[in-house]
Amino acid sequence: MFLLRYYLGQVKKILIDELTESFNFHKLTNETFDIRSFAEAVENLPMMAETTFVWVDDIDIFKLPEADRTKIAELVADIGEYCTVIFTF
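Residues numbered from 1 in each chain as written. Predicted model: local features only at pLDDT ≥ 70, side-chain atom pairs only at ≥ 80, totals over all residues. Heavy atoms only, no water.

Description of the sheet that holds strand S1 (residues 25-28)
Working step 1: Overall, parallel pairing links the three strands, which are arranged S1-S2-S3 in an open sheet. Either end of the sheet is taken by a strand with one partner, and the two such strands are S1 and strand S3 (83-88). Strand-to-strand twist across the sheet, computed as the mean angle between neighbouring axes with direction ignored, equals 10 degrees.
Working step 2: Two elements, S1 and strand S2 (residues 52-57), share four bridges in a ladder whose sense is parallel. Across the sheet, residue Phe25 finds its bridge partner in S2, namely Phe53. (Pairing = 2+ DSSP bridges. Helix = DSSP H or I, 4+ residues; strand = E, 2+ residues; numbered from the N terminus. Axes fitted to C-alpha atoms, helices over the stretch in contact; angles between N-to-C directions.)

Below, the structure written as structure tokens:
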């Protein structure tokens, strides 16, 4: 678990500037995850930066309803080059 957190931090340092982190870094957890928030995070263009980083943590997407899984698959299939999404579970 330590290495996972460490390397996620390294990816974040590479992708996100500290000044624009609040705009371009989105961490979704059990408390904050829903399809709408995921879609908004993935589809929002970066603000004052080149990239956005979406981290979906501890969500078992296979336990979601079929409609939600389908929507996630559609969103992931069409992610722009500016966006990096990492799922950890």
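Continuing now.
Observations regarding the packing of helix H3 (residues 35-43) against helix H4 (residues 66-77)
Geometrically, a packed helix pair is captured by the angle between its two axes and the distance between the axes.
Working step 1: In contact at an axis separation of 11 Å, H3 and H4 are set at 0 degrees when each is read in the N-to-C sense. Considering their axes alone, H3 and H4 lie roughly parallel with respect to each other. On H4, the residues that touch Ile35, Phe38, Ala39, Val42 and Glu43 of H3 are Asp68, Lys71, Ile72, Leu75 and Val76. (Parallel < 35°, antiparallel > 145°, perpendicular 65-115°, else oblique. Contact = heavy atoms within 4.5 Å.)

Thoughts on the pattern of salt bridges
Working step 1: Using the criterion set out here, one finds four salt bridges in the structure.
Working step 2: Between Glu21 and Lys12 there is a salt bridge, with the nearest N and O atoms lying 2.7 Å from each other.
Working step 3: By relative accessible area, which is 27% here, Glu21 ends up partly exposed. (Salt bridge = Lys/Arg side-chain N within 4 Å of Asp/Glu carboxyl O. Buried < 20%, exposed > 50% of the residue type's maximum accessible area, 1.4 Å probe, protein only.)

Section: the pairing of S2
Working step 1: Burial of S2 is extensive: six of the six residues sit out of reach of the surface.
Working step 2: Assessed by its sense of winding, the connection that carries the chain from S1 through H3 to S2 is right-handed.
Working step 3: Where S2 meets S3, six bridges bridge the pair, whose relative direction is parallel. The partner of Val56 across the bridge, within S3, is Phe87. (Right-handed = clockwise from strand over helix to strand, strands pointing away.)

Notes on the nonpolar core
Working step 1: Ranked by size, the top nonpolar core spans 14 residues in total, and within it Leu28, Phe33, Phe38, Val54, Val56 and Ile72 carry the most contacts.
Working step 2: Every element with two or more residues in this core is listed here: H3, S2 and H4.
Working step 3: At five residues, the largest contribution of residues to this core is made by H3.
Working step 4: If near-sequence neighbours (up to four positions away) are discounted, Phe33 is found in contact with Leu28, Phe38, Val56, Ile59, Leu64 and Ile72.
Working step 5: Ile16, Phe25, Phe53 and Trp55 belong to the second largest nonpolar core, which has five residues in total. (Core = buried A, V, L, I, M, F, W, Y, C linked by side-chain atoms within 4.5 Å.)

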